[in-house]
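# Structural description and commentary
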Amino acid sequence: MIEFRNVCAGYGGGDVLQGLDLRVEDKSITCIVGPNGAGKSTVLRTLSGLLSPRVGEILLDGRALHTLSAAQVLAAGVAQVPQQGGLFGGLSIRDNMLLGGYLVRRQRRELNKRIDELAEVFPIVAERALDKAADLSGGQRRIVEFARALVTEPSVILLDEPTLGLDPKTCATVFETTQQVNALGTTVLMVEQNVRFGLQLADHGVVMERGQVLISQPADVLLGRSDMASMFFGAAPTEPAVDVPGGPA
Amino acid sequence: MIAAVVTRAADRVASARKWLIAGGIVFVGCIPLLTSSAYIQNVMILTFLMCVLGLGWNIMSGYTGYISLGHSAFIGIGAYTAGILAERWQVSPFLVAPLGGVAAALVAFLLGLTTRRTRGPAFVIVSFALLELLGLLARNLSSLTGGSQGLAMPLPDWDLTFYNWPFYYSLLALVLLSLWMTRAIRRSKFGLGLVAIRDDEDKAAGIGVLTPVYKSLAFMSSAVLVGVAGAVYGYYVSYLSVSTMFDIVLSMQVVLAVLIGGRGTFWGPVLGAFIVVPLTELTNTTIGGLDAGAFRLLMFGGLLLLVTMLLPRGILPTAGAWLTKLKAGDTGRTGARLVESGLPTVPPSLRDESAAVGGDVLRVEDVVMRFGGVLAIDQASFSVPRGSITALIGPNGAGKTTLFNAIDGTYTPAAGDIVLEGKSLARADRTRRAFRGIGRTYQLPRLFNSLTVLENVAAVNSSFSVRRLAASAVSGEEAARATELLEFVGLGDYLDVKATDMSYGQKKLVELAQVLMLDPAVILLDEPAAGINPTLLRRLADLIRALNESGRTFVIVEHDMQFVLALADRATVLARGQVLMSGAPDVVSRHPKVMEAYLGDDFVLEKTMGGATT
Amino acid sequence: MTLLVQTLILGLLIGGIYALMSSGFTLVFGVMKIINLAHAAMIVLAAFFTWWVWDLTGIDPLLLGVVATPVMYGFGWVLYKTVIARVHRADHELAMVASFAVAIAASGVMSLVWGTELRAATPSYFNTSLEIGSIVVPHAQLYACGGAVALLLGLYVLLRRTFIGRAIKACAENRDSAELVGINVERTMAQMFAIGAATTGFGGAALSVIYQFFPESHFVWIGRILCVVILGGLGSLAGAALGAAVLGVGETITAIYIDTQWATTVPYILIIAILVLRPQGLLGERMRADGAHA
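Every residue gets a number counted from 1 within its own chain, in the order that chain's sequence is written. Going through the entries in the order they are written, you letter the chains from A and number the ligands from 1. Only residues with pLDDT of 70 or above have their local features reported here, since the model is predicted, and side-chain atom pairs are shown and tallied only from 80 upward, although totals for entire chains, interfaces and linings are computed over all residues. Side-chain measures were taken over the full set of non-hydrogen atoms in the model, leaving aside hydrogen atoms and water.

### As for the overall build of chain B
Put simply, DSSP H or I for four residues or longer makes a helix, DSSP E for two residues or longer makes a strand, and each gets a number counted from the N terminus. A tally of helices and strands in chain B yields 27 helices and 12 strands. Based on the C-alpha atoms only, the size of chain B along its principal axes is roughly 95 × 65 × 55 Å. Accessible area is worked out with a 1.4 Å probe on protein chains only. A residue is then buried under 20% of its type maximum, exposed over 50%, and partly exposed in between. The 614 residues of chain B split such that 57% are buried. Here, two residues are considered to be in contact whenever any of their heavy atoms come within 4.5 Å of each other. For chain B, restricting intrachain contacts to residue pairs at least 6 apart in sequence, the fraction spanning at least 24 positions comes to 76%.

Laid out in structure tokens, this is it:
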């Protein structure tokens, strides 16, 4: 189980996360939704070690993650699939996969075996091994990004806007792939702009606003709530007229 | 309270500023009368030279943002030009010194040509290469320059008692002239354009800053007085040698001086010169012997290094920031509250009377764009009727922003044509398209961060004229219009706020005001609704509707269908670089082809869900 | 005809050495997008080191280049950690000014330590040649070029085939992603800069044997290096190799067919001409301008 306890974090211009409390159950697919600038991506960044929280704790099965570097978090079993464009475009698919195993680069044989295993699940890894990542289509890149994040066999995988910039067909691929990964026993924590997509995929939904968790409910319940639509299409008349300085991170 | 004392003192200094400056100039002007010490006069003369060099460097590298590491080249050009001409024509070098300035400006113009297609790092290289090349030329063209023998200047024919006076006062005059020029540039629209170029050159080109002309003028003004000063300096030292006239160490010292004083500030170069030169002369007299040169290199290299590491902004900006903080106390930024208001009234100046004419404002005809092997736009055609709001929708990666970039001249299409008001834009560059009436905003607003909100809007030019360059930056007719536009978009209270301090949503409004300042025939909005809160979104919709009702034409790329389809009277759907269809919004949005390609997210998703759950 | 062949051979031999000297510079530019104006000062530093040890011990100067390589690696590491990284974080452009300051200060230090006279290492083979028919191939140039090409190949393999190389490329492309796969970005950047500096070790040794030099020679050498990388397209290793060959041949042709003193102007003329006519370099493709901002 992942637990955020009263986490405050930001980028120098004030806190984006303002005392965030959040629990993510093992082997679940949890999806965070919310307006731009609510701090969704920041949740993932603090968890994966890209950003250190100013205050608060992040625990994975009771073990503190918030004091660790990105490499140590990864070694602890939490891998993040970065937002769109996360592959190293100038490097081959093979090199990208090898870099996914950067932490275990000294056990070269195991690493190669692991990549071969993943190639069976995601055939494109083998088929386009020598092509540069930049030459792949958006959807193909997404799949390789997934595969790359799985090289170290993480117990938790973080997805930052997995459907950003993808056409509907590829979204479906991402949908299937995520379910596939989850079925292998991996906990999935994702951030998604496309609320409907995210909540249909997830079994638990979290709504964030201004750096805090507003609602945490089973995804299907959340999806069925009539107030959801108004919250995300900006039609709510009660919306306070405060504009967040700095805008979305 | 120390803070209070300091603040009060600072206020007093500020109010006495004019008198201080005048007093300083008079004092400096009297020095030769007060002391006949050749040493002191020499230090002052070299300081003046550094002031002129620094003020020149500051125009190119401080305001315009092109860092030059070879600025002393202009001293050499001025000195050699005047020296050679004086010898040929048998006249005083003073007489031909202005020609030294002309020659320097000419070379600066040529230097400017290399910035047409290259930026930052490459320019550092060119500036350095230019200095070295000119040095080598001076060495090799010995019939002209005396080569490594050097070139002796005529002996002065005036009384030795006043020996230094002509050099002293002419260089002092050049310092004052440089200061005056800097002030004029800073206060003009031209200067605003230069800062815009420094902050974001591509954006500047898109709002009517004719960047090649601006840069050429900036480079020439940066060099001309340095060239004249070089001519005077050459005469002063009475002997031109390549190593002193094209001196890389001098180029380094000027960078050091301006960095210490404050890059991009008015007094920074002067302050820096008065620190660096006396220091140089002091060490020259205290450190002697064979190693003196080595010590100087070490000292100035080390000093420059320390400044870049410890005082990168320079004395004046750092002190200024410190004073501001003392005065204001440490208040953080606060979230700006938007005032709710009814439908905005469009000022008469914003009305577009041509709306009654009808026809198409903009036509995109069979445009093809390729990047490497990828076909980004595949023979896209659509038209924008006058007075319409046309929505350009389609999945991510369909080429919508690329198409905007082809329309505004950021990209050159491989084939096809963009036609505005019946005339092809094919031969117009980005700035000229802005003049012709294409205004566009960006997905992520791009503002000039070191300018205020008002300056951001005042920097816009809807046409080019020399008169406009000289126009005052923040007062007069143009500024009044900028103010009016900012009031219209609801930012009348933020005129003097720095653009960086505005919120994301407010930046979008500033960008809209910039576009309106162009008085455009068509306004291209790239995802205006993305990332802004609902209140601001409504405000934006109101603004667009009001502007449209007074005759303005819009093309809007947007993913928020509710927002854009409510506004638009036409929609064009783009998918995989091709136009799928165009028509009325409700017809288009219900069309099965469109549903499948774009709006069908849910449609496709439901199918997958079905497959996955059973 | 013989003269032309002779010229080409000499030009290409020099080009090989230029290529090694420029490789570290272009590597640093490719990753950090800064012009490291201290690069040539490091080459001259390595040349002094080589000459000094050779003068004391008589060990072959080109062999000493192998020793100078790790020494320069260490120098580069320290320079990165103390200066470059700090300034680069604060202000990208100021990092170039800082490297310029380092170059100037370094030439002052070298003058103090080794004096300002012209130096050159003169091993037994410094003025002997291999003669093939009427073609003369100087031994020093041949050995130096051979060593340079071998090291360049080594560098190529290091960057292409090892995890250090992959990590460096990853950092250059996407720092966040690199961090997320477990790469220590700061350490990798320091390694990259140090590797760039290490290439000056043998470069300096070659310089000490083939040319005369003194502390301020680095201005001439930075000019040549800038020319090489501008010709080849900034940041491209293969481009640097091509640029080095073009410059080597160009200089040699000018020296032999026109005049030695004009040969020194060749790099600067090429720099300005290329930046006016074809700023992307000989090999480079036009970059997809801006738009990336959006």
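There's plenty left to go through after this.
### Some remarks on the overall build of chain A
Within chain A, the regular secondary structure consists of 10 helices and 10 strands. Taken over 249 residues, chain A has a buried fraction of 53%. In chain A, the share of contacts with a sequence separation of at least 24, taken over all contacts with a separation of at least 6, comes to 67%. In these tables, accessible area is a Shrake-Rupley quantity obtained with a 1.4 Å probe, and a residue counts as shielded only by the protein chains included in the view. Total accessible area on chain A stands at roughly 10300 Å², and carbon and sulfur atoms take up 48% of it.

### Observations concerning the packing of helix 5 (residues 139-161) of chain C against helix 8 (residues 185-210) of chain C
Residue and element names in this part refer to chain C. Note on method: axes are straight lines fitted to C-alpha atoms, helices fitted across the in-contact stretch only, with angles between N-to-C directions ranging 0 to 180 degrees. The geometry of helix 5 relative to helix 8 is characterised by a closest axis approach of 9 Å and an angle of 175 degrees between their N-to-C directions. With respect to helix 8, the element helix 5 is oriented roughly antiparallel. Taking contact as the criterion, the partners of Ala140, Gln141, Ala144, Gly147, Ala148, Leu151, Leu155 and Leu158 in helix 5 are, on helix 8, Ile195, Thr199, Phe202, Ala206, Val209 and Ile210. Taken together, the residues of the contact of helix 5 with helix 8 sort by class into 11 nonpolar, three polar and no charged. For classification purposes, an angle smaller than 35 degrees is called roughly parallel, one larger than 145 roughly antiparallel, one from 65 to 115 roughly perpendicular, and anything else oblique. Only Asp, Glu, Lys and Arg are considered charged in this grouping, and only Ala, Val, Leu, Ile, Met, Phe, Trp, Tyr, Cys and Pro are considered nonpolar; every other residue, Gly among them, is considered polar.

### Structural notes on the sheet that holds strand 3 (residues 360-371) of chain B
Residue and element names in this part refer to chain B. Taken together, the four strands give an open sheet; going across it, the order is 4-3-6-7, and neighbouring strands pair in antiparallel fashion. The outermost strands of the open sheet, each flanked by one partner alone, are strand 4 (374-385) and strand 7 (423-424). Strands pair, by our definition, only if DSSP identifies at least two bridges between them. Examined bridge by bridge, strand 3 and strand 4 share eight bridges and lie antiparallel to one another. Residue pairing for strand 4: Met369 is matched across the bridge by Ile377. Across the sheet, helix 17 (residues 400-407) touches strand 3, strand 4 and strand 6 (415-420), and the angle it forms with strand 3 is around 115 degrees.

### Considerations on the interface of chain A and chain C
In this assembly, 24 residues from chain A lie in contact with 16 residues from chain C. Carbon and sulfur atoms supply 65% of the area that chain A and chain C bury against each other, a total of about 1800 Å² over both sides. Throughout, the accessible surface (probe 1.4 Å) given up by two parts as they are put together, summed over both, is called the buried area. By the criterion of area lost to chain C, the three top residues of chain A are A:Phe88, A:Leu99 and A:Tyr102, representing 31% of everything that side buries. For this analysis, a salt bridge means a side-chain nitrogen from Lys or Arg found within 4 Å of a carboxyl oxygen belonging to Asp or Glu. Linking chain A with chain C are two salt bridges. Residue A:Asp95 pairs with C:Arg166 through a salt bridge whose shortest N-O separation is 2.6 Å. For the side of chain A that touches chain C, the secondary-structure elements that each account for two or more residues are helix 1 (40-48), helix 2 (70-75), helix 3 (93-100) and helix 4 (108-121) of chain A. For the side of chain A that touches chain C, the element with the most residues is helix 3 of chain A, which contributes four residues. When the residues that make up the side of chain A that touches chain C are grouped by side-chain class, the tally is 12 nonpolar, seven polar and five charged.

### Describing the pairing of strand 4 (residues 55-60) of chain A
Residue and element names in this part refer to chain A. Two elements, strand 1 (residues 2-10) and strand 4, share five bridges in a ladder whose sense is antiparallel. Paired with Ile2 across the two strands is Leu60, which belongs to strand 4. Joining the antiparallel neighbours strand 4 and strand 5 (residues 63-64) is a turn of two residues, in which Asp61 adopts a positive phi near 50 degrees.

### Some details on the sheet that holds strand 12 (residues 578-583) of chain B
Adjacent strands of a sheet pair through backbone hydrogen bonds, lying either parallel or antiparallel. All names here are of chain B. Read across the open sheet, the six strands follow the order 8-9-10-5-11-12; overall the sheet is mixed. Of all strands in the sheet, those bounded by a partner on one side alone are strand 8 (438-440) and strand 12. Neighbouring strand axes in the sheet, compared pairwise and without regard to direction, differ in orientation by 20 degrees on average. The pairing of strand 5 (residues 389-393) with strand 10 (residues 554-557) spans four bridges and is parallel. Directly across from Leu392, in strand 10, lies its bridge partner Val557. Contacts from helix 17 reach strand 5, strand 8, strand 9 (522-526), strand 10 and strand 11 (570-575) within the one sheet, and its direction differs from that of strand 9 by about 145 degrees.

### Quick word on empty space enclosed by the protein
Here the idea is plain: a probe the size of a water molecule rolls over the atoms and shows the empty space left. Residue and element names in this part refer to chain B. Points on a 1 Å grid, built from protein atoms alone, make a cavity when a 1.4 Å probe fits but cannot get out and make a pocket when they are open with protein on both sides within 12 Å along at least 5 of 7 lines; residues with an atom within 4 Å of a point are the lining residues. Grid points are joined across faces, edges and corners, and a volume is the space filled by probe spheres set on the points. One pass over the structure, following the stated rule, counts seven cavities of 30 Å³ or more. The computed volume of the largest cavity comes to approximately 90 Å³. Gly206, Ile207, Asp408, Ile438 and Arg440 are the residues nearest the centre of the largest cavity, which is lined by 13 residues in total. Of all the secondary-structure elements, those providing two or more residues to the lining of the largest cavity are helix 10 (201-206), helix 18 (430-436) and strand 8. Split by domain, the lining of the largest cavity shows at least three residues from each of two domains, domain 1 (8-321) and domain 2 (356-446 + 523-613). For the domains described, the bounds stem from an automatic or database domain assignment.

### Some details on the domain arrangement of chain B
Residue and element names in this part refer to chain B. If you check the domain split of chain B, you get domain 1 (8-321) and domain 2 (356-446 + 523-613). Each side of the interface is counted separately: domain 1 has nine residues, and domain 2 has seven residues. Across the domain 1/domain 2 interface, buried area totals approximately 750 Å², and carbon plus sulfur atoms make up 52% of it. Considering only the side of domain 1, the residues that lose the most area to domain 2 are Lys203, Gly206 and Leu210, jointly responsible for 53% of the buried surface there. Between the two partners, domain 1 and domain 2, sit one salt bridge. A salt bridge links Asp200 to Arg446, with the nearest nitrogen and oxygen atoms 2.9 Å apart. N or O atoms within 3.5 Å of each other form a polar contact, as long as, within protein, one can give a hydrogen and the other can take it, and as long as residues adjacent in sequence are counted only when both atoms are side-chain atoms. Where domain 1 packs against domain 2, one counts five residue pairs in polar contact (both at pLDDT 80 or more). When grouped by side-chain class, the residues that make up the side of domain 1 that touches domain 2 number four nonpolar, two polar and three charged.

### Notes on the interface of chain B and chain C
Facing 48 residues of chain B, the contacting portion of chain C comprises 51 residues. Here chain B and chain C share an interface that buries about 4500 Å² over both sides, 77% of which is from carbon and sulfur atoms. With a closest N to O distance of 3.5 Å, C:Asp91 and B:Arg263 form a salt bridge. Counting every contact that joins chain B to chain C gives two residue pairs in polar contact (both at pLDDT 80 or more). Elements with a contribution of two residues or more to the side of chain B that touches chain C: helix 6 (120-140), helix 13 (248-261), helix 15 (292-310) and helix 17 of chain B. Considering each element in turn, the side of chain B that touches chain C owes the most residues, 14 residues, to helix 6 of chain B.

### Section: the pattern of salt bridges
Residues and elements named next belong to chain B. What the rule picks out here adds up to 27 salt bridges over all chains. A salt bridge links Asp408 to Arg440, with the nearest nitrogen and oxygen atoms 3.0 Å apart. On the criterion of sequence distance, the pair formed by Asp408 in the loop between helix 17 and strand 6 and Arg440 in strand 8 is long-range, its members being 32 residues apart. By relative accessible area, which is 8% here, Arg440 ends up buried. A salt bridge links Asp519 to Arg552, with the nearest nitrogen and oxygen atoms 2.8 Å apart. Here the residue Asp519 occupies a position in the loop between helix 22 (504-517) and strand 9, and Arg552 occupies one in the loop between helix 23 (534-549) and strand 10, the gap between them amounting to 33 residues. Take Asp519: its relative accessible area is 45%, and that puts it in the partly exposed class.

### Observations regarding helix 8 (residues 165-187) of chain B
Residue and element names in this part refer to chain B. A helix's residues, less one, multiplied by 1.5 Å, set its expected span. The first and last C-alpha atoms of helix 8 sit 33 Å apart over 23 residues, in line with the 33 Å expected at 1.5 Å per residue. All of the buried residues along helix 8 are Phe167, Tyr168, Leu171, Leu172, Leu174, Val175, Ser178, Leu179, Met181, Thr182 and Ile185. In the core, the buried residues of helix 8 are packed alongside helix 2 (17-34), helix 3 (38-63), helix 5 (93-113), helix 9 (189-199), helix 11 (211-237) and helix 14 (268-286).

### Things to note about the confidence of the model for chain A
The pLDDT value expresses, per residue, how confident the predictor is, ranging between 0 and 100. Per-residue confidence for chain A gives a mean pLDDT of 84; residues scoring 70 or more make up 87%. Contacts for the low-pLDDT stretch residues 233-249 of chain A, under 50 throughout, to residues beyond four places or in other chains number 39 contacts.

### Quick look at the nonpolar core
The definition of a nonpolar core used throughout is a set of buried Ala, Val, Leu, Ile, Met, Phe, Trp, Tyr and Cys residues joined through side-chain atoms within 4.5 Å. Counting 313 residues, the largest nonpolar core has B:Phe74 and C:Met32 as the members making the most contacts within it. Element by element, the count of residues in this core is highest for helix 3 of chain B, at 14 residues. Split by domain, the residues of this core number at least three in each of domain 1 (8-321) and domain 2 (356-446 + 523-613) of chain B. The contact partners of B:Phe74, leaving out residues within four places of it in the chain, are B:Met60, B:Ala104, B:Val107, B:Ala108, B:Leu111, B:Ala223, B:Val226 and B:Gly227. Grouped together as the second largest cluster of nonpolar side chains are 28 residues, B:Val367, B:Phe371, B:Ala398 and B:Leu574 included.

### Here we look at a nonpolar patch on the surface
Residue and element names in this part refer to chain C. Patch membership needs two things, relative accessible area over 30% and no salt bridge, and members are linked within 9 Å if like-charged or within 5 Å if nonpolar (Val, Leu, Ile, Met, Phe, Trp, Tyr). On the surface, Met1, Leu3, Leu4, Val5, Leu8, Ile253, Ile256, Tyr257 and Ile258 cluster together to form a nonpolar patch covering roughly 810 Å² of accessible area. Those elements that provide at least two residues to the nonpolar patch are helix 1 (2-32) and helix 10 (237-258). Along the chain, Ile258 turns up in helix 10. Residue classification places Ile258 among the exposed positions, given a relative accessible area of 64%.

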